[in-house]
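# Per-entry structural report
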Amino acid sequence: MENLLNNIIKSNKKYTNFGQVASYIPELKNANAEDLGICIIDKDNNIYYAGDYKKKFTIQSVSKTIILAMALMDNDWAYVFSKVGMEPSGDPFNSIMKLETDDTKKPCNPMINAGAIVTTSLIKGATLKEKEERMLAFFRKIAKNDNIKINQAVYESEKLTGDRNRAMAYLLKNDGVINGDVEEILDLYFKQCSIEIDCVDLARIGLIFANYGIDIETGERVISENVSRMVKTFMVTCGMYDASGEFAIKVGIPAKSGVGGGIMASVPRKMGIGVYGPSLDKKGNSIAGIKVLEDLSKQLELSIF
Ligand code: GLU
């Protein structure tokens, strides 16, 4: 397996030259565009890795899966889905358009920024601090890594430049889709995007979803079965931005990407996969990371379809 991963990383490294690191969040420009790494943890807890799997990066939109799981565990599902939809948007992740044109005024799904601002607003806690602590505790638990923390520089960079997200959040408040203090909701949103992880953390979290919410080592249920299923389904339909259809055809694995260059993939009942490659295509997906997953899926016959 290690040979296979090394070969896949080596043969796809060239694709890192065809994309660009995200720059609209200034701090993300510091990533090394040539990095490419992968980690796999299988259902027997075997761990395999190759390339730059130890590099730290911010989780960005991959966090949307975890926040959705939290929102669904904190609230009645009908209430959650009265505020955010279940359909792919077909638009870029930061699009504001459908918030205006859709009759419902609710974001299409929880995997786009507007939808994640809604799920973030549903996280329970008496104060912002308590919500942040609950959030970090949950990330640490499912990644099985107590050292997970927020990258302060990225968080500040996002907060300073996140006016598009701010605009969406105020629109959502105006339309009664979110309640409460908008700046606090945004603060929690920027913090969740700025959580620093590596490929191993992503593979661990991916494995929890792959294993329908049960921690493989301890047998503890950390996410309900139905919530795990829902999150994986959103990963299939909306996880790779407006390229989710093509990814489903070519790779066929539930996955979620982020503009930090991470992709978390969950092969049901088999494995969790974390990939890192900060050079992005035009839609915001890791350009070489997708190729790595395409090869892996073919060679190990991982497509769920
Ligand atoms: N923090 C990023 C934003 O809100 C997340 C985007 C992403 O990874 O898709 O713009």
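Predicted, not measured: the structure shown is a model, and the values here were computed from it.

Turning our attention to the pairing of strand 7 (residues 262-267). With six of six residues buried, strand 7 lies mostly within the body of the structure. The two faces of strand 7 match: Gly262, Met264 and Ser266 on one face and Ile263, Ala265 and Val267 on the other face are all buried. Pairing of strand 6 (residues 255-257) with strand 7 involves three bridges; the strand directions are antiparallel. Looking at the pairing, Ala255 lines up with Ala265 of strand 7. Counting the residues between successive antiparallel strands, the hairpin from strand 6 to strand 7 contains four residues, one of them, Gly261, with a positive phi of roughly 105°. Of the strand pairs in this sheet, strand 7 and strand 8 (residues 271-276) are connected by six bridges, and their pairing is antiparallel. In the strand pairing of strand 8, Ser266 is matched with Gly272.

This paragraph deals with the packing of helix 2 (residues 63-74) against helix 11 (residues 225-238). In contact at an axis separation of 10 Å, helix 2 and helix 11 are set at 145° when each is read in the N-to-C sense. Here helix 2 and helix 11 pass one another in a crossing that is right-handed. Across from Thr65, Leu68, Ala69, Leu72 and Met73 in helix 2, the residues of helix 11 making contact are Val227, Met230, Val231, Phe234 and Met235. Class assignment for the residues of the contact of helix 2 with helix 11 results in nine nonpolar, one polar and no charged.

Okay, the site of the ligand next. In the vicinity of the ligand, 14 residues are found, and the nearest of them are Tyr24, Gln60, Ser61, Tyr189 and Tyr241. In the model, a nitrogen atom of the ligand is placed 2.7 Å from a nitrogen or oxygen of the Glu158 side chain. A distance of 2.7 Å is found between an oxygen atom of the ligand and a side-chain nitrogen or oxygen belonging to Tyr189. Relative to its unbound accessible area of 300 Å², the ligand is 99% covered by the protein chains. Here the residues of the shell around the ligand are counted per class, giving seven nonpolar, five polar and two charged.

Moving on to helix 5 (residues 113-121). Each turn of an α-helix holds 3.6 residues, which means side chains three or four residues apart point in the same direction. Most of helix 5 sits out of view: nine of its nine residues are buried. For helix 5, every residue scored as buried is listed here: Asn113, Ala114, Gly115, Ala116, Ile117, Val118, Thr119, Thr120 and Ser121. Its buried side turned inward, helix 5 meets helix 2, helix 3 (77-83), helix 4 (97-101), helix 8 (163-174) and helix 9 (182-193).

Glancing now at the sheet that holds strand 3 (residues 57-58). Spatially, the three strands line up as an open sheet ordered 3-5-4, and their pairing is antiparallel. The outermost strands of the open sheet, each flanked by one partner alone, are strand 3 and strand 4 (149-150). By the bridge criterion, two bridges tie strand 4 to strand 5 (residues 195-197) in an arrangement that is antiparallel. In the strand pairing of strand 5, Ile150 is matched with Ile195.

Quick look at the environment of Glu27 now. On the secondary structure map, Glu27 appears in the loop between helix 1 (2-12) and strand 1 (37-42). Along the primary structure Glu27 and Glu158 are separated by 131 residues, whereas in three dimensions their C-alpha atoms are 8.1 Å apart. With residues near it in sequence (within four places) discarded, Glu27 still touches Ala153, Val154 and Ser157.

Another point: the side chain of Ser95. Mapped onto the elements of the fold, Ser95 is located in the loop between helix 3 and helix 4. A polar side-chain atom of Ser95 sits 3.3 Å from the main-chain amide nitrogen of Met97. With sequence-adjacent residues up to four places away left out, Ser95 is seen in contact with Arg164 and Met168.

Charged atoms that come close allow side chains of opposite charge to pair. With the rule as written, the count across this model stands at 18 salt bridges. Of the charged contacts in the structure, one is a salt bridge between Asp215 and Lys144, with a shortest N-O distance of 2.5 Å. Taken together, the residues span a long stretch of sequence, with Asp215 in the loop between helix 10 (199-210) and helix 11 and Lys144 in the loop between helix 6 (128-143) and strand 4 at a distance of 71 residues. A residue is classified by how much of its surface remains accessible, and Lys144, at 33% relative accessible area, is partly exposed. Within this structure, Glu132, Lys159, Asp187 and Lys191 form a network of salt bridges that share partners.

Criteria and thresholds
Residues numbered from 1 in each chain as written. Predicted model: local features only at pLDDT ≥ 70, side-chain atom pairs only at ≥ 80, totals over all residues. Heavy atoms only, no water. Buried < 20%, exposed > 50% of the residue type's maximum accessible area, 1.4 Å probe, protein only. Helix = DSSP H or I, 4+ residues; strand = E, 2+ residues; numbered from the N terminus. Pairing = 2+ DSSP bridges. Axes fitted to C-alpha atoms, helices over the stretch in contact; angles between N-to-C directions. Left-handed = near helix turned anticlockwise from the far one by under 90°. Contact = heavy atoms within 4.5 Å. Nonpolar A, V, L, I, M, F, W, Y, C, P; charged D, E, K, R; others polar. Near = heavy atom within 4 Å. Polar contact = N/O pair within 3.5 Å; in protein donor to acceptor, adjacent residues only side chain to side chain. Areas by Shrake-Rupley, 256 points an atom, 1.4 Å probe, with all protein chains shown as cover. Salt bridge = Lys/Arg side-chain N within 4 Å of Asp/Glu carboxyl O.

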